[in-house]
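Coordinate analysis (summary)
In case you want the letters, here they are:
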Amino acid sequence: MFLTQSVNILRLQGMGRQVDIDDLVDARGVAEIVRLKHANSVSTYAKRYLDFPKPVLNLGRGRTLLWLRPEIVKWARKTGRIE
């Protein structure tokens, strides 16, 4: 019994967070929310602003990054980029 509980606890610790797929946005979506003209400006913002939300999905260099829309909206409001 104890071993089974320990294994289940380890499984839970290794799980990622669950997200609603409807909340996922790519760089183009982030640019629209933050009112940037170009999607590639999102990477500049991510480097420039330390509090900029981190992508929730990063499959590696040259691959699409995905952010959570609510996190981007919250950041944009907090920084005065949107009302």
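Scroll up for the structure.
As a starting point, this report considers the structure included with it. Treat the numbers as computed from the prediction; the structure is a model and nothing was measured.

Reading guide: rules and limits
Residues numbered from 1 in each chain as written. Predicted model: local features only at pLDDT ≥ 70, side-chain atom pairs only at ≥ 80, totals over all residues. Heavy atoms only, no water. Salt bridge = Lys/Arg side-chain N within 4 Å of Asp/Glu carboxyl O. Helix = DSSP H or I, 4+ residues; strand = E, 2+ residues; numbered from the N terminus. Core = buried A, V, L, I, M, F, W, Y, C linked by side-chain atoms within 4.5 Å. Buried < 20%, exposed > 50% of the residue type's maximum accessible area, 1.4 Å probe, protein only. Pairing = 2+ DSSP bridges. Contact = heavy atoms within 4.5 Å. Axes fitted to C-alpha atoms, helices over the stretch in contact; angles between N-to-C directions.

Summed over all chains, the structure comprises 1 salt bridge. Between Lys78 and Asp51 there is a salt bridge, with the nearest N and O atoms lying 3.2 Å from each other. Separated by 27 residues along the polypeptide, Lys78 in helix H4 (residues 69-78) and Asp51 in the loop between helix H3 (41-48) and strand S2 (57-58) bring together distant segments of the chain.

What follows is about the nonpolar core. Judged by nonpolar contacts, the single largest core of 15 residues is most densely connected at Val30, Val34, Val42, Phe52, Trp67 and Ile72. Going through the elements one at a time, helix H2 (27-34), H3 and H4 are the ones with two or more residues in this core.

Right, let's get into the sheet that holds strand S1 (residues 24-25). An order of S1-S3-S2 is seen for the 3 strands of this open sheet, with the pairing classed as antiparallel. A strand with exactly one partner marks an edge of an open sheet, and here the two such strands are S1 and S2. The pairing of S2 with strand S3 (residues 65-68) spans 2 bridges and is classified as antiparallel. Within the sheet, the bridge partner assigned to Asn58 lies in S3 and is Leu65. Against the sheet, H4 touches S1 and S3, its axis set at about 65° to S3.

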